[in-house]
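A structural walkthrough
Now for the letters of each chain:
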Protein chains: 2
Amino acid sequence: MDDEIYTPAPMADPISIIGGSGALGYGLAVRLGRAGIPVTIGSRDAARAVEAAERAAAAVPDGSFTGLGNAEAAAESSIVILSVPFRNQSETLTNLKTTLQPGQLVVDATVPLAAAVSGKATRILGVWQGSAAQQAQEMVPEGVRVVSAFHTVAAAHLGDLDWQLDEDILVCGDKKDDKARVIELIGKIDGLRGVDAGKLEMSRIVESLTPLLIGINVRHKTHAGIKITGLPSA
Amino acid sequence: MDDEIYTPAPMADPISIIGGSGALGYGLAVRLGRAGIPVTIGSRDAARAVEAAERAAAAVPDGSFTGLGNAEAAAESSIVILSVPFRNQSETLTNLKTTLQPGQLVVDATVPLAAAVSGKATRILGVWQGSAAQQAQEMVPEGVRVVSAFHTVAAAHLGDLDWQLDEDILVCGDKKDDKARVIELIGKIDGLRGVDAGKLEMSRIVESLTPLLIGINVRHKTHAGIKITGLPSA
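Counting restarts for each chain: residues are numbered from 1 in the order of the written sequence. Lettering of chains starts at A and numbering of ligands starts at 1, both following the order in which they are written. A pLDDT threshold of at least 70 governs which residues receive local features in this predicted model, and a stricter bar of 80 or more applies before side-chain atom pairs are shown or counted, although totals over entire chains, interfaces and linings include all residues. The basis for every side-chain value is the complete set of non-hydrogen atoms in the structure, without hydrogens or water.

**Here we look at the overall build of chain A**
For chain A, the count of helices and strands is eight helices and nine strands. Put simply, the radius of gyration uses C-alpha atoms, and a globule should come to 2.2 Å times the residue count raised to 0.38. Against the compact-globule benchmark of 17 Å for 234 residues, chain A has a radius of gyration of 16 Å, which places it among compact chains. It only takes one pair of heavy atoms within 4.5 Å for two residues to be counted as in contact. Long-range pairs, those at least 24 residues apart, make up 73% of the contacts in chain A with a sequence separation of at least 6. To be clear on the numbers: accessible area is Shrake-Rupley with a 1.4 Å probe, and residue cover counts the displayed protein chains and nothing else. Within the structure as shown, chain A displays about 9,800 Å² of accessible surface, and the carbon and sulfur contribution to it stands at 53%. Each helix is a run of DSSP H or I of at least 4 residues and each strand a run of E of at least 2, with the numbering of both proceeding from the N terminus.

Below is the structure:
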């Protein structure tokens, strides 16, 4: 970790994914990479990040992927996706305290599944702040804002580039502009649509969709997602 | 209220809707009526139930609609839909204690919106038992089972018979057979699909979708609903 002043990376709108060697993070990496967005994959172990970047580059030969340690990766982009298990969310954000800089936007995908404490993945933990996203907002440095997203899309579908996605991503956050940026980013992934699901406090509801869908997955042997009906078609 | 032994109504599989003069209950009544199912509309005020039944009959001339007080209505069918505001759920179930009989199935549509205590309709109350549906299960007489459903479909869309429905209804309950009965019933309404969302305890998640959708409705001036993607098409 270094204490340099954050300077935007030179390429147009790159994205960093903390926990990008995990299934969800990797799936987002290859989908964003295929959409022409340079992706920096972060991992606690830089070697694993490099390995994931190599895998992503093999899957998307015209994509741009870099592997770095989490802190170095977080310094690379103005939008930083946080894709780690709930068990590691707090520790990861503590480790990024001196890296994240005012103006950066953290897109938190964390879901407080009871599996984090050896409970069921179909149950959710109560988080003191209301949701994992609100915990993240409390932990990031002043001036860094948090939006939550990517709770309901199956990692397996993201990572399988032959799979035609067709579902919605619910986006929570306290600033409309932040949500608009994330919804625009989501729209660059073919088959995904971002939907403004309200303020960050609504993330407690959106996060709870993950255990609901995990239960449906088990019963139906599928990878379920969700769509909001009744919206004007984009 | 009377203490007669419950005997199944003579017609094939009628449905009773407690709170059937409200927007959601009425919407369900006309949709079920149009599907050829005899509907008994219950209301605290029998005169309002009769008026709602007359309105429903005008909207669906070949349907069968009866209006009764809640307790009389609850005695008419083996499946009783409970469609009342959370504020009235407990009182309503107390009033049905001597009417509901073992073997009856209560389909609870109650959502504990904070609006019940003059809070926001985009927020949900914590219910001691876990969810409104679990509160209902605690309150019904021994041998009566509760399934929850109909939380996410807009009353306005149900009540507008020109509106082509196209969405899912998540169904929670502890017995597969009970859920199968309710999913079959839902399937009789054109454009609705019932999806098994797990045990009754999962209702706390499904109930929370209502405030989420209410927020989306406000922002998008629509009546949103939900669909689960990735399921084998029925």
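Additional details are given in the paragraphs that follow.
**Structural notes on the pattern of salt bridges**
All names here are of chain A. A side-chain nitrogen of Lys or Arg and a carboxyl oxygen of Asp or Glu constitute a salt bridge if their distance falls within 4 Å. Tallied over the entire structure, the rule returns 14 salt bridges over all chains. Put simply, R55 and E51 hold a salt bridge, and the shortest N to O gap is 3.2 Å. With R55 and E51 both in helix α2 (residues 46-59) and four residues apart, this pair spans about one turn of that helix. The partly exposed category is assigned to E51, whose relative accessible area is 38%. Burial status follows relative accessibility: with a 1.4 Å probe on protein chains alone, a residue under 20% of its type maximum counts as buried, one over 50% as exposed, and anything between as partly exposed.

**A short note on helix α4 (residues 86-95) of chain B**
All names here are of chain B. Of all the residues in α4, the buried ones are F86, N88, Q89, T92 and L93. Considered in projection along α4, the buried side chains sweep an arc of 135 degrees and stay on one side of the axis. On its buried face, α4 is in contact with β1 (15-18), α3 (70-74), β4 (79-82), β5 (105-108) and α5 (132-139). To obtain the arc, one takes the directions from the helix axis to the C-beta atoms.

**Quick word on the packing of helix α4 (residues 86-95) of chain A against helix α5 (residues 132-139) of chain A**
Residues and elements named next belong to chain A. α5 packs onto α4 with a crossing angle of 15 degrees between their chain directions and a minimal axis gap of 10 Å. In terms of orientation, α4 and α5 fall into the roughly parallel class. Considering only the axes of α4 and α5, their crossing is right-handed. Between α4 and α5, the residues in contact are F86, Q89, S90, L93 and T94 and A132, Q135, A136 and M139, respectively. Residues were grouped as follows: Ala, Val, Leu, Ile, Met, Phe, Trp, Tyr, Cys and Pro as nonpolar; Asp, Glu, Lys and Arg as charged; and all remaining residues, including Gly, as polar. Considering only residue class, the contact of α4 with α5 consists of five nonpolar, four polar and no charged. For helices, the fitted line uses only the C-alpha atoms of the stretch in contact; every axis is such a line through C-alpha atoms, and the angle between N-to-C directions lies from 0 to 180 degrees. Should an angle lie under 35 degrees it is considered roughly parallel, over 145 roughly antiparallel, and from 65 to 115 roughly perpendicular; all remaining angles are considered oblique. By convention, the crossing between two helices is left-handed when the near helix turns anticlockwise from the far helix through less than a right angle, and right-handed when the turn is clockwise.

**Focus on the pairing of strand β8 (residues 192-198) of chain B**
Residues and elements named next belong to chain B. Summarising burial for β8: six of the seven residues are buried, a large majority. Note: two strands are recorded as paired if DSSP finds a minimum of 2 bridges between them. Pairing of strand β7 (residues 167-173) with β8, which is carried by six bridges, proceeds in the parallel orientation. In the sheet register, D168 faces β8, and the bridge partner there is R193. A crossover gets the label right-handed when its path from the first strand over the helix to the second runs clockwise, viewed with the strands pointing away from the viewer. The parallel pair β7 and β8, bridged by helix α7 (residues 176-187), forms a crossover whose chirality is right-handed.

**Some points on the UniProt feature "domain: Pyrroline-5-carboxylate reductase catalytic N-terminal" (unreviewed entry) in chain A**
According to UniProt, the positions carrying the feature "domain: Pyrroline-5-carboxylate reductase catalytic N-terminal" (unreviewed entry) are residues 15-112 of chain A. Each end of residues 15-112 of chain A is marked by a C-alpha atom, and these two atoms are 24 Å apart; helix forms 42% of the span and strand 22%. UniProt positions are given in the numbering used here, feature names are shortened, and annotations may be inferred rather than shown by experiment.

**A word on the side chain of S21 of chain B**
All names here are of chain B. Residue placement: S21 occurs in the loop between β1 and α1 (23-34). Here a polar contact is recorded for every N or O atom pair within 3.5 Å, except that within protein the pair must consist of a potential hydrogen donor and a potential acceptor, and residues adjacent in sequence are included only if both atoms are side-chain atoms. Polar contacts involving the side chain of S21 include one to the side chain of S43, which spans 3.3 Å. Every residue in contact with S21, bar those within four places of it in the chain, is listed here: I41, G42, S43, R48, A52 and R55.

**Some points on the interface of chain B and chain A**
Each side of the interface is counted separately: chain B has 31 residues, and chain A has 31 residues. Note: buried area is the sum, over both parts, of the accessible area (probe 1.4 Å) each one loses when the two are combined. A combined buried area of about 2,500 Å² lies between chain B and chain A, and 65% of that area is made up of carbon and sulfur atoms. Interface area lost by chain B to chain A is led by I205, L212 and T229 of chain B, which between them contribute 23%. Linking chain B with chain A are four salt bridges. We note a salt bridge from D196 of chain A to R219 of chain B, for which the minimum N-O separation is 3.5 Å. Among the elements that take part in the side of chain B that touches chain A, helix α8 (residues 203-220) of chain B stands out by supplying ten residues, more than any other. Here the residues of the side of chain B that touches chain A are counted per class, giving 15 nonpolar, nine polar and seven charged. Examined bridge by bridge, strand β9 (residues 225-229) of chain A and strand β9 (residues 225-229) of chain B share five bridges and lie antiparallel to one another.

**Comments concerning the packing of aromatic side chains**
For Phe, Tyr and Trp, where Trp contributes only its six-membered ring, two rings pair if their centres lie within 6.5 Å, and the inter-plane angle classes them as stacked under 30 degrees, edge-to-face over 60, or tilted in between. For the coordinates displayed, the defined rule picks out zero aromatic pairs over all chains. We note R55 of chain A situated over the ring of Y26 of chain A; from NZ or CZ to the ring centre the distance is 4.3 Å. By the criterion adopted, a ring carries a charge over it if an Arg CZ or a Lys NZ lies within 6 Å of its centre and within 35 degrees of its normal.

**What about the environment of T98 of chain B?**
All names here are of chain B. The residue T98 is located in the loop between α4 and β5 in this model. With a relative accessible area of 38%, T98 lands in the partly exposed category. Separated by 109 residues in sequence, T98 and E207 place their C-alpha atoms 27 Å apart.

**Let's talk about the sheet that holds strand β1 (residues 15-18) of chain A**
Residue and element names in this part refer to chain A. Strand order in the open sheet made by the eight strands is β3-β2-β1-β4-β5-β6-β7-β8, with mixed pairing throughout. For this open sheet the edge positions go to β3 (65-69) and β8 (192-198), each flanked by a neighbour on one side alone. Each adjacent strand pair in this sheet contributes to an overall mean axis angle of 25 degrees, direction not counted. Its contacts with the sheet put α2 on β2 (39-43) and β3, and the angle it makes with β3 is roughly 170 degrees. Helix α8 (residues 203-220) rests against β6 (145-148), β7 (167-173) and β8 of the sheet, and its axis sits at about 145 degrees to β7.

**What about the relation of the copies chain B and chain A?**
With an RMSD of 0.0 Å, the operation that places chain B on chain A is a rotation of 180 degrees combined with a shift of 0.0 Å along the axis. Here the transformation between the copies is reduced to the relation of a two-fold axis. In terms of C-alpha distance to the rotation axis, chain B has K227 of chain B as its closest residue, with the C-alpha 2.5 Å off the axis. An overlap of 100% is found between the interface residues of chain B and their copies at the interface of chain A, pointing to a shared contact surface. Copy-to-copy alignment: least squares on C-alpha atoms, limited to residues at pLDDT 70 or above in both.

**Looking at the side chain of Q134 of chain B**
All names here are of chain B. Summarising the element assignment, Q134 is placed in helix α5. Of the polar contacts made by the side chain of Q134, one reaches the backbone oxygen of Q129; its length is 3.4 Å. Not counting residues within four places of it along the chain, the set of residues in contact with Q134 comprises Q129, L200, E201 and R204.

**Comments concerning the pairing of β5 of chain B**
All names here are of chain B. Here β5 shows no split at all, with L105 and V107 on one side and V106 and D108 on the other all buried. Of the strand pairs in this sheet, β4 and β5 are connected by four bridges, and their pairing is parallel. Bridge pairing in β5 links L82 to D108. Taken together, β4, α4 and β5 constitute a β-α-β crossover, and its handedness is right-handed. Relative to strand β6 (residues 145-148), β5 is paired through four bridges, and the arrangement is parallel. Looking across to β6, one finds that D108 is bridged to S148. The handedness of the β5 to β6 crossover, carried by α5, is right-handed.

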